[in-house]
Amino acid sequence: MIKNKKKSALFIGLHSVLIAILAGASFLVEVPFKIRSYAEIFPKEKWLLTRGGNGELVSSHIDYTHRRVNSYSTANFDRGEYVSLDFGKFLQNKTELLKGDTLAIMASSQL
């Protein structure tokens, strides 16, 4: 029983010394290989507020995780017009469209 403890302590001690020697040698040896890579990081969502060609204010909400535009709206302050198109709630977690499905809701200040 005592010999087994001594053998296991010797085994662990020798392995510890070997690992320490290899770790020390790894700092002295230069590996001639370089790993180069690049990555693009995108946001989860993006809200765009832009000015359109006729002076209107255009708002878009883009969801990158589901790869879709959640909402799109435009407002023309000169004429008092507003249009909104909302996709968000209806296409969430859908992979197929069926007859009668609601795709979007459009709201407008015009009749």
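A few points on the structure. Since the structure is predicted, the reported quantities are computational estimates derived from the model, not experimental observations.

## Points about the overall build of the protein
Reasoning step 1: Of the regular secondary structure elements, the protein holds one helix and five strands.
Reasoning step 2: Listing each helix as α and each strand as β along the protein from the N terminus yields α-β-β-β-β-β.
Reasoning step 3: Considering only intrachain contacts with a sequence separation of at least 6, the fraction spanning at least 24 residues in the protein is 11%.
Reasoning step 4: Accessible surface for the protein amounts to roughly 10200 Å². Of this, 63% is attributable to carbon and sulfur atoms.

## Comments concerning a nonpolar patch on the surface
Reasoning step 1: Residues W47, L49, L57 and F77 make up a contiguous nonpolar surface patch of about 480 Å² in total accessible area.
Reasoning step 2: Looking at the secondary structure, you find L49 in strand β1 (residues 45-51).
Reasoning step 3: The exposure class of L49 is partly exposed, given its relative accessible area of 47%.

## As for the sheet that holds strand β4 (residues 81-86)
Reasoning step 1: The strand order β1-β2-β3-β4-β5 describes an open sheet built from five strands, whose pairing is antiparallel. Looking along the sheet, the strands with just one partner apiece sit at the ends: β1 and β5 (105-108). Across the sheet, the axes of successive neighbouring strands diverge by a mean angle of 10°, strand direction being ignored.
Reasoning step 2: Inspection of the sheet shows strand β2 (residues 57-63) paired to strand β3 (residues 68-76) by seven bridges, in the antiparallel sense.

## Structural notes on the packing of aromatic side chains
Working definition: an aromatic ring pair is given by the centre-to-centre distance plus the angle between the planes.
Reasoning step 1: Per the counting criterion, the structure on display carries one aromatic pair.
Reasoning step 2: Aromatic side chains F42 and Y64 sit 6.5 Å apart centroid to centroid with 35° between the ring planes, which places their arrangement in the tilted category. Taken together, the residues F42 in the loop between α1 (2-28) and β1 and Y64 in the loop between β2 and β3 connect sequence positions 22 residues apart.

## Digging into the side chain of N70
Reasoning step 1: Mapped onto the secondary structure, N70 falls in strand β3.
Reasoning step 2: Given the relative accessible area of 10%, N70 is considered buried.
Reasoning step 3: Of note is the side chain of N70, whose polar atom sits 3.0 Å from the side chain of R68.

Rules used in this analysis
The numbers attached to residues start from 1 for each chain and follow its sequence in the written order. The model is predicted, so local features are restricted to residues of pLDDT at least 70 and side-chain atom pairs to those at 80 or more, both for listing and for counting; the totals for chains, interfaces and linings are taken over all residues. Side-chain metrics in this entry use all non-hydrogen atoms of the structure; hydrogen atoms and water are not considered. Only DSSP runs of H or I with at least four residues qualify as helices, and only runs of E with at least two residues qualify as strands; both kinds are numbered from the N terminus onward. In what follows, residue pairs with any heavy atoms lying within 4.5 Å of each other are defined as contacts. All accessible areas in this document rest on Shrake-Rupley with a 1.4 Å probe, and a residue is counted as covered only by the protein chains that are shown. Each patch is built from residues lacking any salt bridge and having more than 30% relative accessible area; the joining distance is 9 Å for like charges and 5 Å for nonpolar side chains (Val, Leu, Ile, Met, Phe, Trp, Tyr). A pairing counts as a salt bridge when a side-chain nitrogen of Lys or Arg comes within 4 Å of a carboxyl oxygen of Asp or Glu. For every residue, the accessible area obtained with a 1.4 Å probe (protein chains only) is divided by the maximum for its type, and the residue is called buried under 20%, exposed over 50%, and partly exposed between those limits. In this description, strands pair whenever DSSP reports at least two bridges between them. Only the stretch in contact is used when a helix axis is fitted, and all axes are lines through C-alpha atoms; the angle between N-to-C directions ranges over 0 to 180 degrees. Aromatic pairs are defined between Phe, Tyr and Trp rings, using the six-membered ring for Trp, whenever the two ring centres lie within 6.5 Å; interplanar angles under 30 degrees are classed as stacked, those over 60 as edge-to-face, and all others as tilted. Polar contacts, as used here, are pairs of N or O atoms within 3.5 Å; protein pairs need one atom able to donate a hydrogen and one able to accept it. Residues neighboring in sequence count only if both atoms are side-chain atoms.

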